[in-house]
Amino acid sequence: MERESLEMDVVFVGAGPANLSGALHLTRLVAEHNQGVANGGREGRALGEIQIAVIEKGATVGGHILSGAVPRGLAELIPNFVEEGAPLESPVKEDHFLYLTSKRAIRSPLTPPPLMNHGYYIVSLNRLTAWMGEKCEEVGVNIFPEFPGAEMLYDAADRVVGVRTGDKGIDKEGKRKPNFEPGVDLLAKVTVLGEGVRGSLTKKLVARLGLDEGREPQVYSLGVKELWELPDDRYPAGRVTHTLGFPSDQWTYGGGWIYGMQNRIVNLGYVTGLDYRDPLIDPHAEFQRFKSHPFLTKLLDGGKMIRYGAKAIAAGGLHAMPRLYADGVLIVGDSAGFLNAARLKGIHSAIKSGMLAAETIFEALVAGDFSAGKLQTFESRVKESWITPELRRYRNFHAAFRHGRWLGMANAGLQYITGGRAWGIFDRARQEAGHEAMGKLSAYGYQGDDVAQRYGNFKFDGKTTFNKVTDVYHAAVAHDEDQPAHLHVLDTNICATRCAEEYGNPCQRFCPAAVYEMADNGNGQRHLQINFSNCVHCKTCDIMDPYQIINWVTPEGGGGPDYKGM
Ligand SMILES: Cc1cc2nc3c(=O)[nH]c(=O)nc-3n(C[C@H](O)[C@H](O)[C@H](O)COP(=O)(O)OP(=O)(O)OC[C@H]3O[C@@H](n4cnc5c(N)ncnc54)[C@H](O)[C@@H]3O)c2cc1C
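A quick note: this is a predicted structure, and the numbers were derived from the prediction, not measured.

A. Just the packing of aromatic side chains, in detail. In this structure the tally under the stated criterion is 12 aromatic pairs. For the ring pair Tyr270 and Phe290, a centre distance of 5.0 Å and an interplane angle of 45 degrees mean the geometry is tilted. Of the two residues, Tyr270 sits in strand 18 (residues 265-273) while Phe290 sits in helix 4 (residues 283-291), which places them 20 residues apart along the sequence. Accessibility expressed as a relative area gives 0% for Phe290, which makes it buried. On the numbers, 5.3 Å between centres and 55 degrees between planes, the contact of Phe397 with Phe401 is tilted. Residues Phe397 and Phe401 agree in their burial class; the two are buried. Pairwise contacts between aromatic rings join Tyr253, Phe397 and Phe401 into one cluster.

Put into structure tokens, the structure is as follows:
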């Protein structure tokens, strides 16, 4: 197929906080350098006009972004972000921490230090990201929404030389439609992968080049979230509450959040560790049960759910991070696992990693050297920055909870006072990949996949608690249905046989968007039906499938959720 090639200097894949910070910072560094050389203040040659592109699979910058969110720092990138009009909801005014039993909410007199947010702002990350996109465009960065990075481009020596964007206008049989447009080969000296959690290109690159050799497996959680409009000011803007306990059982990592935003909107959600053991767990149902707690039903009484979304979180920490560079490529933000799992904060380190990548690329541009040898200074920069001490301190945090909630909390406490040592002694705790943690139905004495065996007679009431289809409607998801499914199940025979028997088809439960369904094919047999148009791009299926046969790839550009205020 004839494809157009476009020569860029640097291509950033994904318009999230990490890459937008990288593109903005790089543009400034180049401009300062050129000006310095022009007025004699700097030695060397001017770099001239550097072509920077940011490609984004969503229809708009920010449209696929979902977060809490209380970022811990924007000032390093944009020192006067308040005066410059960053979309901020409210400064954090109160921090609360609650332990939930099934009936009671016990308020802790002390908020655990990692969960203290005083001095920061509550934001909607998808609004903040859109604003950062505008800042980039003001300084000349080319941003291309609706352009998914579909494949990495390598030369004969396995050096990354750019990225191929996805084709448009292919029908569900794989044939070209009249509006067919082939993807473009964006050739770049450096490609920066900032695809967020479980990046589809990052996953393949890491496997191909063995960048995760000697590291612990990455582990993940899933955050499921709604926005609610309340009838009065009962939950003020600036109040931050975190919860532990109900509804998670003691073997399941989990916790809730409730953040007060402007205009009587509350943003609430629940995180479930994607290393849960009980195969009947459904993270969406866990969130709905969270809202059925008396503390939440009282809070939400008379309110209206207005938005829904879900996204995975990379929680493995420092030991699970892959090598961050190879020839012609860098990995930043959540794609590399920069998130601090104890605080559930990754925006600040995503921003910082983008900035450090920009400094590395700037130096490489000046030297005209884009080899791994040159780009490895990115890792030294990360080591010398505040990122590494922060991540070191919490390096074993998620692994602590493999032993259940109470031992996990004791272990996390010992880690806190010993600077991150597991049980206060060991430098590095072992982690297991989440999908390996899932137990079989038989281990729980379950007969088949009836969720009532776990959730009893819990029902969605349509007032406070909702089924997945209702929720997905509030994610404003849209994919052209006449395209090949972007969820590749490599062996569908397993679904009706081994998986049904061993795990009861957990994809029907771990997907928070009702994408996977075991449907009756009319003669009493069940087969896997993939409702891909519901997909909210959370990546849970790619992570949690026990046989690792689900491969999430980018759909046609622009498809996916349309998050607003999330
Ligand atoms: C429920 C939840 C709550 C959180 N709460 C907080 C919080 O309170 N504070 C905090 O600091 N952090 C929080 N985080 C973490 C924070 O959101 C992330 O750390 C941060 O967004 C990472 O930024 P990023 O740029 O690496 O990735 P992302 O923000 O995920 O952005 C990646 C972008 O790349 C695009 N993309 C992906 N693949 C491709 C591709 N192949 N081609 C083109 N585009 C692509 C995506 O559509 C997206 O726009 C939370 C996360 C979740 C899920």
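B. A look at a nonpolar patch on the surface. A cluster of nonpolar side chains, namely Leu407, Leu414, Tyr416, Ile417, Trp423, Ile425 and Phe426, defines an oily patch on the protein surface of about 680 Å² accessible area. With respect to the secondary-structure elements, Leu414 resides in helix 12 (residues 405-417).

C. Representation of the side chain of Ser533 in the model. Considering the arrangement of structural elements, one finds Ser533 in the loop between strand 24 (526-530) and helix 18 (540-544). For Ser533, the residues in contact, after removing those within four places along its chain, are Val477, His479 and Glu481.

D. Molecular detail of the pattern of salt bridges. Scanning the model with the defined rule gives 33 salt bridges in all. Between Asp282 and Lys468 there is a salt bridge, with the nearest N and O atoms lying 3.1 Å from each other. Of this pair, Asp282 sits in the loop between strand 18 and helix 4 while Lys468 is found in helix 15 (residues 468-473), placing the two residues 186 residues apart along the sequence. A residue is classified by how much of its surface remains accessible, and Asp282, at 10% relative accessible area, is buried. Judged by relative accessible area, which is 10%, Lys468 ranks as buried. Salt bridges sharing partners connect three or more residues here, namely Asp249, Asp278, Glu286 and Arg454.

E. Up close: helix 12. The terminal C-alpha atoms of helix 12, which comprises 13 residues, lie 18 Å apart, in line with the 18 Å expected from a rise of 1.5 Å per residue. Of the positions making up helix 12, those classed as buried are Arg405, Gly408, Asn411, Ala412 and Gln415. For helix 12, the buried positions fall inside an angular range of 125 degrees around the axis, keeping them on one side. Those residues of helix 12 that are buried are in contact with strand 5 (94-100), strand 16 (239-245) and helix 11 (397-400). Once helix 12 ends, the next one or two residues include Gly419, with phi positive near 70 degrees.

Conventions used here
Residues numbered from 1 in each chain as written. Predicted model: local features only at pLDDT ≥ 70, side-chain atom pairs only at ≥ 80, totals over all residues. Heavy atoms only, no water. Phe/Tyr/Trp six-rings, centres within 6.5 Å; stacked < 30°, edge-to-face > 60°. Helix = DSSP H or I, 4+ residues; strand = E, 2+ residues; numbered from the N terminus. Buried < 20%, exposed > 50% of the residue type's maximum accessible area, 1.4 Å probe, protein only. Patch = residues over 30% accessible without salt bridge, like charges linked within 9 Å, V, L, I, M, F, W, Y side chains within 5 Å. Areas by Shrake-Rupley, 256 points an atom, 1.4 Å probe, with all protein chains shown as cover. Salt bridge = Lys/Arg side-chain N within 4 Å of Asp/Glu carboxyl O. Contact = heavy atoms within 4.5 Å. Expected span 1.5 Å × (residues − 1). Arc of directions from axis to C-beta.

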